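Examination of the molecular architecture
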Amino acid sequence: VVVLNAKTGAVLGMASYPTYNLIDYADNPLAVLNGENGASMFNAAVDGLFRPGSAFKTINAAAGLIEGYINKDTPGICTGTYTYYSDYQPTCTGYHNGYNVVQSLKVSCNIFFYDLARRMGIDTLSSYAEKFGYGTDLDLEIPAQSGQMTTPSNYETSTNQPWDAGQVLQAGIGQSATQVTPLNLAVQALTLANNGIRYKPYLVDSVWNYDYTELLSKTVPAVAEKIDDKGTE
């Protein structure tokens, strides 16, 4: 889990599980590293790669609104199965016919976002994912995975399967070859909270001398990305 200050990018909390006992680590770090619980040394908060799933639908929605594929009132057609392709018809979590983008996010309608992803295409979808920090170096003070958004090339590399149109649909709901860290997801939420302004996350608030009588440096929040809303409401 990662908790950020949405207005600065400061990391307020970061935790990874399984963890380890600090006393055991101080006594014999190699034993902790090489023990049966060695996985506890892995910082999943910044190095663990996971499919974002439906959390990605907010990026899909933002891209569709900004690029003009939908507006806040555009209804979707959801009858439980997406039938655009005759040979690939993924399903939904329910029946949400006529729901707009806000309602579709609320009920996590797959079909609304399958169709939006198909119409925008993988290039538009991946370009917005990058704006939200997917597949980019977030420049944290400690090493961290960048994650990746689905593209034809990385899909084929990571799965050894040929690219097909169905992967665009799956990418639209955070599946396929998309992999991100909990830090990526926290940055995504921060960007949404700031109406498209993405701050660089940071761990170090300030540096002082040994007796805290002199401030040596203070981290100034830095904007990493500003997503142009093109006048979208």
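Bear in mind the structure is a predicted one, so any value in this text is a computation, not a measurement. (Residues numbered from 1 in each chain as written. Predicted model: local features only at pLDDT ≥ 70, side-chain atom pairs only at ≥ 80, totals over all residues. Heavy atoms only, no water.)

**A word on the overall build of the protein chain**
Which entries qualify depends on this criterion: In DSSP terms, a helix is any run of H or I states spanning at least four residues, a strand is any run of E spanning at least two, and both are numbered starting from the N terminus. All accessibility values rest on the Shrake-Rupley procedure with a 1.4 Å probe; residue burial counts only the protein chains present in the view. Just so you know, the count uses Lys and Arg for positive and Asp and Glu for negative, and it drops His and the chain ends. A single reference atom marks each charge: NZ on Lys, CZ on Arg, CG on Asp, CD on Glu.
Helix and strand counts for the protein chain stand at ten helices and six strands. When the backbone C-alpha atoms are referred to their principal axes, the protein chain occupies close to 65 × 45 × 30 Å. About 12,600 Å² of surface is accessible on the protein chain, with carbon and sulfur atoms providing 52% of the total. Taking the 13 positively charged and 22 negatively charged side chains of the protein chain as two groups, their mean positions are separated by 11 Å.

**What about the packing of helix H4 (residues 57-66) against helix H6 (residues 110-120)?**
Which entries qualify depends on this criterion: Fitting a line to C-alpha atoms yields each axis, with helices limited to the stretch in contact; the angle taken between N-to-C directions then spans 0 to 180 degrees. Orientation categories follow fixed angle ranges, with anything under 35 degrees roughly parallel, anything over 145 roughly antiparallel, 65 to 115 roughly perpendicular, and all other angles oblique. Left-handed describes a crossing whose near helix is turned anticlockwise from the far helix by less than a right angle; the clockwise case is right-handed. When checking whether two residues touch, look at their non-hydrogen atoms; a contact exists if any pair is within 4.5 Å. Under the convention adopted here, Pro, Cys and the residues Ala, Val, Leu, Ile, Met, Phe, Trp and Tyr are nonpolar, Asp, Glu, Lys and Arg are charged, and Gly plus all remaining residues are polar.
With their axes 10 Å apart at the nearest point, H4 and H6 run at an angle of 50° to one another. As summarised for this structure, H4 and H6 are arranged oblique, according to the angle between their axes. Of the two possible hands of crossing, H4 and H6 adopt the one that is left-handed. Counting all contacts with H4, which are made through Lys 57, Asn 60, Ala 61, Ala 63 and Gly 64, the residues of H6 involved are Asn 110, Phe 113, Leu 116, Ala 117 and Met 120. Within the contact of H4 with H6, the residues separate by chemical class into six nonpolar, three polar and one charged.

**What about the state of the cysteines?**
Our working definition: Here, the term disulfide refers to a pair of cysteine sulfur atoms separated by no more than 2.5 Å. Only protein chains enter the accessibility calculation, which uses a 1.4 Å probe; a residue whose area is less than 20% of its type maximum is buried, one above 50% is exposed, and one in between is partly exposed.
One pass over the structure, following the stated rule, counts zero disulfides. Cysteine Cys 78 is unpaired, with the sulfur of Cys 109 as its nearest cysteine sulfur at 3.7 Å. Residue class for Cys 78 comes out buried when judged on its relative accessible area of 2%. In this model Cys 92 remains outside any disulfide bridge; the closest cysteine sulfur is found in Cys 109, 3.7 Å from its own.

**Quick notes on the pattern of salt bridges**
Definition in use: Criterion for a salt bridge: a side-chain nitrogen of Lys or Arg within 4 Å of a carboxyl oxygen of Asp or Glu.
The final tally for this structure, using the stated rule, is six salt bridges. Here Glu 67 makes a salt bridge to Lys 230, at a shortest N to O gap of 2.9 Å. Residue Glu 67 is found in the loop between H4 and helix H5 (101-107), and its partner Lys 230 is found in the segment after strand E6 (223-226); the two are separated by 163 residues along the sequence. The partner of Arg 118 in a salt bridge is Asp 115, with the nearest N and O atoms 3.1 Å apart. Within this pair, Arg 118 and its partner Asp 115 are both found in helix H6, separated by three residues, close to a single helical turn. Taken together, the salt bridges that share partners define one network made up of Asp 115, Arg 118 and Arg 119.

**Considerations on the packing of aromatic side chains**
The description of an aromatic ring pair uses the distance of the two centres, along with the angle that the planes make with each other. This is how the line gets drawn: Centres within 6.5 Å make a pair out of two Phe, Tyr or Trp rings, where for Trp the six-membered ring is used; the pair is then stacked when the planes are under 30 degrees apart, edge-to-face when over 60, and tilted otherwise.
Throughout the structure, instances matching the rule amount to eight aromatic pairs. Measuring from ring centre to ring centre gives 5.4 Å for Tyr 20 and Tyr 25, while their planes differ by 40°; the resulting arrangement is tilted. Geometrically, the ring pair formed by Tyr 84 and Tyr 85 is edge-to-face, given 5.0 Å between the ring centres and 90° between the ring planes. For Tyr 84, a relative accessible area of 48% puts it in the partly exposed group. Ring pairs connect the aromatic residues Tyr 82, Tyr 84, Tyr 85 and Tyr 114, which therefore count as one cluster.

**Things to note about the side chain of Thr 8**
Selection rule: Contacts described as polar in this section are N or O atom pairs within 3.5 Å, which, within protein, must combine one atom able to donate a hydrogen with one able to accept it, while residues neighboring in sequence count only if both atoms come from side chains.
If you trace the backbone, Thr 8 turns up in the loop between strand E1 (2-4) and strand E2 (11-14). Looking at Thr 8, the relative accessible area reads 18%, which means it is buried. Of the polar contacts made by the side chain of Thr 8, one reaches the backbone nitrogen of Ala 10; its length is 3.1 Å. Residue contacts for Thr 8: discarding those within four places in its chain leaves Tyr 199, Lys 200, Tyr 202 and Pro 221.

**Some thoughts on a nonpolar patch on the surface**
Note the threshold: Here the term patch refers to residues with relative accessible area over 30% and no salt bridge, with like charges joined within 9 Å and nonpolar side chains (Val, Leu, Ile, Met, Phe, Trp, Tyr) within 5 Å.
A grouping of Ile 142, Leu 203, Val 204, Val 207 and Leu 216 is seen on the molecular surface, where their side chains present a nonpolar patch of about 360 Å² in accessible area. Tracing the chain through its elements places Val 207 in strand E4 (residues 206-208). Judged by its relative accessible area of 36%, Val 207 is partly exposed.

**Thoughts on the packing of H4 against helix H7 (residues 122-131)**
Contact pair H4 / H7: the axes reach a minimum separation of 9 Å and the direction vectors enclose 110°. The pairing of H4 with H7 is recorded here as roughly perpendicular in orientation. Between H4 and H7 lies a crossing of right-handed hand. Residues Ile 59, Asn 60, Ala 63 and Ile 66 of H4 lie in contact with H7, whose contacting residues are Leu 125, Tyr 128 and Ala 129.

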